[in-house]
Every structure is written in C-alpha cells, then in structure tokens.
Amino acid sequence: MLADRHPGLGRIVLEKWNFEPVVFDAIGRQHDHRRSSNRAADITDVVIAGVVLAEALLESNADLTRCAGVTAFERLGLGPKELAATLKHTEYRLVSLRETLGC
C-alpha cells in the first residue's frame, strides 16, 4: 500500500518543507509514464526516467522492455542504446561501490 502512495506522500512532505513547486510536482508524478507536455524536457522527466531505470535494474535484471512507452525517455532523447549504456555504467559503479564498502 505504501509503495503506491509514496509519490503522493513525498509530494506533501516536500510541499510542507517549502520546496519549489517544480520539485514536489516531479516527485508526485514519478509514476506518470505517459506524461505529455508541450514544453522541453524537465526535472519531472528526469525523475520518471530515473525511477523506471532503477526499477529495471533492481527487479528485472536490467530488462529494458519496461522502458517502452515511457514518454520521459523520448523527451530526454534517450533511446535503447543510451539506456543500455546507462544501466551498464550504473552496474559497474555499483560493483565498484560494493567493493569499496566491503559489501
């Protein structure tokens, strides 16, 4: 239940802490995979893309099929090659961090 509500709760907390509206809006809309806008890519697109990529890395062994249809990637100009490279680099950095921390 909390997993479904955490974007809304995060938005409320950030709003109460007087963050800029663009920040709490981005957190509140992090699961809006079909978001559309006539404006240029923005922080909300970055948050959406980051959440989807993190989920792909953690839950489905870097399976990028979950990225299909997420408009944030198009708006950010990220195609399959860029996404695969991003995940590969992230995996490398995580291994390096784990080794450094002794995990």
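Just so it is clear, the model here is predicted, and its values are computed rather than measured.

### Looking at the nonpolar core
Counting residues in each nonpolar core, the largest one holds eleven residues, listed as Ile48, Ala49, Val52, Leu53, Leu57, Cys67, Val70, Ala72, Phe73, Leu83 and Leu87. Where this core is concerned, the elements lending two or more residues are α3 (43-59), α4 (71-76) and α5 (80-101). Looking at this core element by element, the count peaks at five residues for α3. Each residue touching Phe73, except ones within four places of it in the same chain, is listed here: Ala49, Val52, Leu53, Cys67, Leu78 and Leu83.

### Some points on unusual backbone geometry
Despite not being glycine, Asn18 shows a phi value in the positive range, around 65°. Mapped onto the secondary structure, Asn18 falls in the loop between α1 (2-16) and α2 (21-28). The exposure class of Asn18 is exposed, given its relative accessible area of 66%.

### Here's the deal with α5
The first and last C-alpha atoms of α5 sit 31 Å apart over 22 residues, in line with the 32 Å expected at 1.5 Å per residue. Immediately beyond the C-terminal end of α5, within one or two residues, lies Gly102, with a positive phi of roughly 75°.

### Side note on the pattern of salt bridges
Counted according to the given criterion, the structure contains six salt bridges. Two residues, Asp32 and Arg29, come together in a salt bridge whose shortest N-O distance is 2.7 Å. With relative accessibility at 30%, the residue Arg29 sits in the partly exposed group. Of the charged contacts, one joins Asp45 and Arg35 as a salt bridge, the two residues approaching to 3.0 Å between their closest N and O atoms. A residue pair is termed long-range when its members are at least 10 positions apart, and Asp45 in helix α3 and Arg35 in the loop between α2 and α3 qualify at ten residues. Residue classification places Arg35 among the buried residues on the basis of a relative accessible area of 6%. When salt bridges with common partners are traced through the structure, they connect Arg35, Asp42, Asp45 and Arg75 into a single cluster.

What counts as what
Residues numbered from 1 in each chain as written. Predicted model: local features only at pLDDT ≥ 70, side-chain atom pairs only at ≥ 80, totals over all residues. Heavy atoms only, no water. Core = buried A, V, L, I, M, F, W, Y, C linked by side-chain atoms within 4.5 Å. Buried < 20%, exposed > 50% of the residue type's maximum accessible area, 1.4 Å probe, protein only. Helix = DSSP H or I, 4+ residues; strand = E, 2+ residues; numbered from the N terminus. Contact = heavy atoms within 4.5 Å. Expected span 1.5 Å × (residues − 1). Salt bridge = Lys/Arg side-chain N within 4 Å of Asp/Glu carboxyl O.

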